[in-house]
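The residues making up each chain are set out below.
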Amino acid sequence: FNNAKQLVDHGHKVIAFVIKGSKLESSLKKFAIPCQYFYESESTKTLSAKLLTACKAIAADTVIGITMPQLAAAKEVRTHLPINIICERHTPVTNVAPPILVPNIMKDIDGVICVSPTMEEQMKQYNKEHQLNIPHITFIAPFADQQKFLDFQTSQTKQEFFKKNFNITLRRIPIICMI
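Note that this is a predicted model, so its numbers are computed, not measured. (Residues numbered from 1 in each chain as written. Predicted model: local features only at pLDDT ≥ 70, side-chain atom pairs only at ≥ 80, totals over all residues. Heavy atoms only, no water.)

Draft legend 1. Looking closely at the packing of aromatic side chains. Counted by the stated rule, this structure contains 3 aromatic pairs. Aromatic side chains F161 and F162 sit 5.4 Å apart centroid to centroid with 90° between the ring planes, which places their arrangement in the edge-to-face category. Since its relative accessible area comes to 33%, F161 is described here as partly exposed. Note on F161 and F166: the rings are 5.9 Å apart at their centroids and 75° apart in plane angle, and the pair reads as edge-to-face. (Phe/Tyr/Trp six-rings, centres within 6.5 Å; stacked < 30°, edge-to-face > 60°. Buried < 20%, exposed > 50% of the residue type's maximum accessible area, 1.4 Å probe, protein only.)

Draft legend 2. Spatial organisation of the nonpolar core. Within the largest apolar cluster, 30 residues are counted, with the highest numbers of intra-cluster contacts made by M106, V112, M123 and I134. Of all the elements in the fold, those that place two or more residues in this core are α3 (44–58), α4 (68–78), β4 (84–89), α5 (103–106), β5 (111–114) and α6 (117–129). The greatest single-element share of this core, amounting to 6 residues, is contributed by α4. Contact partners of M106, with chain neighbours within four places excluded, come to M68, L71, C87, L101, V112, M123, L132 and I134. V14, A16, L28 and I33 belong to the second-largest nonpolar core, a separate cluster that totals 6 residues. (Core = buried A, V, L, I, M, F, W, Y, C linked by side-chain atoms within 4.5 Å. Helix = DSSP H or I, 4+ residues; strand = E, 2+ residues; numbered from the N terminus. Contact = heavy atoms within 4.5 Å.)

Quick look at the structure:
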């Protein structure tokens with residue numbers, strides 16, 4: 001969501017592809033970011049047809065995808081339009097079972113944005129090992145709405161929050177929160 005919001009804030013035309021009924025859908029609507037809906041079960045052919053229509057509607061020159069089906073659909077669109085395809089990686093590249101990257105789908109895309117320096121190094125190695133010919137692999141810290149965190153005020157104590165949301169009764173011990 002923040003990626004789409006940042007692009008819109010910088011004057012880019014964006015159509016966000018979002019799973020129908022997801023939490024992301026309501027966030028995008030709140031900020032009036034145009035959406036195209038799809039279902040996880042849709043075929044690559046159906047997704048690529050929707051993506052092709054969206055690309056033509058806003059004269060898109062770049063498609064950013066996260067999943068292999070999204071990238072496969074973008075590669076199909078590229079047979080009709082001159083688009084750049086960027087993969088955004090949020091999960092580790094190696095030591096993941098089952099493997100989440102499909103070399104023949106990743107091959108010859110234009111770039112990969114990794115959300116950590118470790119993932120960037122893993123992706124560069126994966127690119128070499130599988131001869132993917134991906135020219136641009138970089139680390140860009142995830143976009144975040146800083147104001148949301150700076151201005152955060154709660155009406156609950158931490159005990160009330162954990163009890164209400166997770167049915168956990170906190171004991172008086174330190175809590176470590178990894179973000």
